[in-house]
Each structure stands twice: as C-alpha cells, then as structure tokens.
Amino acid sequence: MTFAFDVHMHLIPLQHACLSSYVELAKGRSGQEVYALASAKDYIVKGVLSGEGDVFNLLNAMERMPADEIALYEDDLRGDYSEGKLIPVLDDKGVHINGNGKNLAYDYLVLCPQIMDFNADIPLSAHYKKAPKHDIFKQAMLILDEIGEYKKSHPESRIILRPFIGINPLNYEPEFTRNLLETCFGKKSGWNPNKEKILDDWKQVGKWRMGLDHFDQTHLPYKNAFAGVKVYPPMGFDPYPDDEKQREKTEILFSICEEYGVPIVSHCDDQGFRTVSLEDSFTYTSPERWEKVLEKHPNLYIDFAHFGQQYYKGIELAKDKSFSQKILDRVTGSVATWRERILNLMTTYPHVYSDFSFGGVKADIWKAVLQLLDDSPEESRVRFMHRFMFGTDWPLCLTKIDGALEYWRGFADSGLSNDFCNLMISENPTAFLFHA
C-alpha cells in the first residue's frame with residue numbers, strides 16, 4: 001500500500017478552543033502588542049478584522065463535530081465545492097496529484113490532526129471569572145470517538161487518521177505528563193511506529209474500544225491511536241525553561257519521546273493562539289530554544305511546523321521604541337532567522353523536519369523553497385529535500401484560502417518536481433512518522 005500525508009491539519013470543535021482566555025489576554029495586552037498583532041501581515045486576527053479570507057468559512061468548519069469536519073475535508077478534496085474549477089485530488093481509488101509535470105498516485109491519504117492542549121488557568125474579568133476547563137484527555141477521547149464515527153459512516157473511505165496529542169508539561173505535575181505519555185505510547189497502548197500497522201489498525205476503527213467506557217491516565221480505549229505529540233509555544237510551552245524545576249517537567253517529555261521514538265510537532269511561526277506576551281511567545285517559539293534540547297536528545301524526531309515563517313516586522317508606529325527594538329531583534333537582523341536556525345538543525349541532527357502547513361496558501365512559498373535549494377550546496381540541498389513535508393493547517397488556513405482542495409492544487413501545480421513532491425507528500429512523512 002502507498003500513502004500520501006497531510007502531516008499538519010486540525011480537528012478543532014469551537015468548544016475545544018480557549019477562546020475566552022485568548023480574548024481576555026488580548027484585551028489586557030499593551031497598545032504596542034495590539035498594534036503588533038494587527039500589523040503582522042498574515043496574522044490570523046488581521047485576516048478576520050480586515051475581511052481578508054473567509055472567517056465564516058472557518059467557523060462553518062469549526063462548528064461541526066470532528067466526524068463531520070473529516071467528511072467536509074474529504075468532500076472538499078473530491079471537488080464537491082469547487083464547482084468544476086479545480087481538479088479533484090481524491091476519489092474512491094485514492095489520491096491522485098496530476099498537473100504541471102506531476103503524475104503521483106497513492107492508495108490512501110493519512111491525515112494527522114494536531115490536538116491542541118488548550119488548558120489555561122487564566123482568571124477572567126467577566127462575571128464568571130473562572131476560565132473553562134479544557135481537559136486534554138476528554139478532548140482527545142472525543143476526537144478519537146469521532147474518528148470512529150467517521151469510519152463507521154465512511155467504511156470505504158481512503159482517508160486514515162492518526163492524530164498528535166497535545167500537552168504542555170509546564171501546566172501539570174510531572175506524574176500527569178508521564179502517565180499521559182505512557183498511556184498513549186507505552187506498551188499497553190499498542191503504539192507502533194510502523195507504516196504496515198496503520199492500515200491494520202484503521203480497519204479496527206469502531207472496534208477499538210477494549211471494554212472501557214472512559215479515557216483515564218492508565219488505559220487507552222483505542223489501540224495505536226496517536227502518531228505523536230503536539231506542543232504549542234505561543235500558549236506557554238517553553239522547550240528549555242530557565243527555571244530548573246520547570247525544565248525537569250519538559251525533560252520527562254523529551255526523554256520518553258526519544259526513548260520510544262515518538263515524533264513531536266512544534267508550532268513554529270509567529271502567529272496563532274497566543275496566551276503569553278509577544279516577547280515570550282517569540283522566545284519560546286524560536287528554534288534557538290530547541291538547540292540545548294537537541295544537544296541532550298540528539299535522536300528526537302521533531303517537526304518545526306510552518307517552516308519557521310516570520311510575518312512580524314516590527315512596530316514602526318509604536319511610541320515605545322525600546323519595546324519595538326527588543327521584539328524586532330528576536331526575529332530580524334541581529335539574530336538568525338527561524339528558518340536559518342531550522343536548516344542549521346537539519347544539518348546537525350538526523351531527525352529534524354519542517355512542514356509547510358499554512359504557508360502554502362501563498363503560491364510564492366514554493367518558489368522560495370526552490371530558490372533555497374538552488375542556493376544550497378549539493379550535500380545540504382539533498383538533506384533539506386529529505387526533511388521537508390507537506391501539510392495544510394486546515395481548517396485554520398481557511399482564513400486565507402477558500403478550501404483544502406485549493407491548497408492541494410497550489411502544491412500540485414507548483415514548480416516542484418515530481419520526485420520532490422513525492423518526497424514531501426509521502427517518503428519524508430513516512431520517515432518522520434514511522435522511522436522508515
């Protein structure tokens with residue numbers, strides 16, 4: 001069997017997102033930070049406020065239960081919403097990517113939804129001052145159950161789902177993190193990073209429950225359910241905290257993931273759901289923060305999502321110039337760009353990858369990739385080509401693009417070669433997810 005992958009997409013029902021905390025912190029931010037958010041060229045909030053993109057399209061997707069979100073994504077790729085203007089990439093036989101010199105076909109499409117840990121204990125200024133709880137176990141259980149519901153209603157579907165479970169170990173006691181990781185990836189979980197296993201396990205979806213009616217810290221009612229771990233720095237995850245006790249919490253995550261070979265996806269652009277200060281968000285998100293982590297854990301499988309895209313260029317109109325310069329130094333000029341740091345980590349460590357989710361809404365991203373490869377020495381060029389992966393960031397990308405099929409067609413119609421596209425959409429994700 002052959003597989004194509006979307007290594008970075010989402011199933012986020014509205015009730016899962018920490019919207020009240022997000023809005024609360026936005027209200028309390030300084031004027032300079034509010035300007036920063038509004039001025040970042042492709043920041044999600046600007047797309048909403050300016051009318052760029054279609055926020056109603058995004059809400060349409062997020063108001064659905066996850067099973068319906070999956071069906072929407074599938075119908076989109078089948079061309080149900082393109083009115084004949086775009087060539088579908090999915091049918092009853094699998095994935096087909098044709099056009100602009102490409103002729104690629106795969107039996108199955110593997111989607112990797114990124115389950116976010118939205119748990120944030122932030123006091124609110126509203127009448128109800130306590131922020132809603134976002135129990136990562138319950139949210140993961142709902143999504144797994146919904147995947148089962150989707151499979152029951154689409155038994156012949158060519159789509160397979162392997163989510164990443166989110167966690168911010170800094171928000172929990174060490175034992176909680178250890179239990180979660182052992183539950184999802186330990187021996188009892190049936191987790192197996194082997195691509196030959198995913199089709200067998202997928203056939204059991206809907207039959208996965210093993211006599212349990214709950215999802216607790218010691219039993220996982222689904223076999224081999226998760227593909228890896230998702231971490232999200234803009235919501236407070238710091239890969240290498242200055243505080244030693246906090247650093248011990250992250251060390252549990254990295255030690256177990258390295259021991260078991262569990263892949264990690266880390267958000268790595270300067271947009272997104274941000275619940276910490278702008279400066280802290282940039283500090284935690286920068287690949288520079290991972291350098292000491294990888295020195296200690298060189299065999300970690302890590303995907304720096306969004307290829308380190310940096311949209312923010314400073315606060316030209318801000319009165320507080322020291323603040324502006326402080327933030328600007330984080331992302332431009334005086335320090336290496338995030339992309340440069342990612343590429344450096346790729347040349348140093350064997351399992352560092354990067355995906356192009358969200359960034360691919362702009363066709364010129366693929367031109368930039370080709371230019372980067374052309375400018376690289378041969379040895380580096382080959383290495384980079386084997387570390388880049390395709391992802392969409394659907395449905396969040398709907399703030400900038402009409403639908404998933406448009407994103408896929410942009411990739412299919414790009415100037416990337418047939419062989420390079422195959423690497424990005426099949427071979428590289430296989431190596432990242434299954435150590436193949």
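Each remark here, short or long, concerns the structure printed above.
Computed from a predicted structure; not experimentally measured. (Residues numbered from 1 in each chain as written. Predicted model: local features only at pLDDT ≥ 70, side-chain atom pairs only at ≥ 80, totals over all residues. Heavy atoms only, no water.)

(A) Structural view of the sheet that holds strand 2 (residues 90-91). Pairing within the open sheet is antiparallel, and its three strands lie in the order 2-3-4. This sheet does not close on itself; its edge strands, each paired only once, are strand 2 and strand 4 (102-106). Both strand 2 and strand 3 (residues 94-99) contribute to a ladder of two bridges, which runs antiparallel. When the sheet's bridge partners are listed, Leu-90 is paired in strand 3 with Val-95. Helix-sheet contacts for helix 16 (residues 404-412) involve strand 3 and strand 4, and the interaxial angle to strand 3 is about 50 degrees. (Pairing = 2+ DSSP bridges. Helix = DSSP H or I, 4+ residues; strand = E, 2+ residues; numbered from the N terminus. Contact = heavy atoms within 4.5 Å. Axes fitted to C-alpha atoms, helices over the stretch in contact; angles between N-to-C directions.)

(B) Broad picture of the packing of helix 5 (residues 66-77) against helix 16. In the contact formed by helix 5 and helix 16, the axes pass within 8 Å of each other and the chain directions differ by 50 degrees. By the angle class used here, helix 5 and helix 16 are oblique. Crossing angle aside, the handedness with which helix 5 passes helix 16 is right-handed. Contacts between helix 5 and helix 16 involve Tyr-73, Asp-76 and Leu-77 from the first element and Ala-404, Leu-405 and Trp-408 from the second. (Parallel < 35°, antiparallel > 145°, perpendicular 65-115°, else oblique. Left-handed = near helix turned anticlockwise from the far one by under 90°.)

(C) Fine view of the environment of Pro-155. With respect to the helices and strands, the residue Pro-155 is situated in the loop between helix 6 (136-153) and strand 6 (159-161). Placed 50 residues apart in sequence, Pro-155 and Val-205 show a C-alpha to C-alpha distance of 9.4 Å.

(D) Representation of the packing of aromatic side chains. For the coordinates displayed, the defined rule picks out 22 aromatic pairs. With a centroid separation of 5.0 Å and 45 degrees between ring planes, the pair formed by Phe-307 and Phe-356 is classed as tilted. Of this pair, Phe-307 sits in the loop between strand 10 (302-304) and helix 12 (321-331) while Phe-356 sits in the loop between strand 11 (352-355) and helix 14 (364-374), placing them 49 residues apart in sequence. Just as Phe-307 is buried, Phe-356 falls in that class too. (Phe/Tyr/Trp six-rings, centres within 6.5 Å; stacked < 30°, edge-to-face > 60°. Buried < 20%, exposed > 50% of the residue type's maximum accessible area, 1.4 Å probe, protein only.)

(E) View of the side chain of Thr-177. As for its position among the elements, Thr-177 is in helix 7 (residues 174-185). Note on Thr-177: relative accessible area 0%, which makes it buried. Each residue touching Thr-177, except ones within four places of it in the same chain, is listed here: Ile-167, Pro-169, Tyr-172 and Ile-252.

(F) Here's a closer look at the pairing of strand 5 (residues 108-113). In terms of burial, strand 5 is largely enclosed, as six of its six residues are buried. Burial of strand 5 is two-sided: the residues Tyr-108, Val-110 and Cys-112 facing one way and the residues Leu-109, Leu-111 and Pro-113 facing the other way are all buried. As paired elements, strand 1 (residues 3-9) and strand 5 share five bridges and run parallel to each other. Each residue of the ladder has a partner; that of Asp-6, found in strand 5, is Leu-111. Here strand 5 pairs with strand 6 via three bridges, running parallel.

(G) Structural view of the nonpolar core. In this structure, Val-229, Phe-388 and Trp-408 are the most contacted members of the largest nonpolar core, which totals 129 residues. In terms of residue count, the dominant contributor to this core is helix 17 (residues 418-434) (nine residues). Not counting residues up to four positions away in its chain, the partners in contact with Val-229 are Phe-164, Ile-165, Ile-167, Leu-181, Phe-185, Leu-253, Cys-257, Val-262, Pro-263, Ile-264 and Val-265. (Core = buried A, V, L, I, M, F, W, Y, C linked by side-chain atoms within 4.5 Å.)

(H) Main features of the sheet that holds strand 9 (residues 264-266). The six strands are arranged 7-8-9-10-11-12 in an open sheet whose pairing can be described as parallel. In the strand order of this sheet, the two ends are held by strand 7 (164-166) and strand 12 (388-389), each with one partner. When strand 10 meets strand 11, the two strands line up parallel, connected through three bridges. Directly across from Ile-302, in strand 11, lies its bridge partner Val-352.

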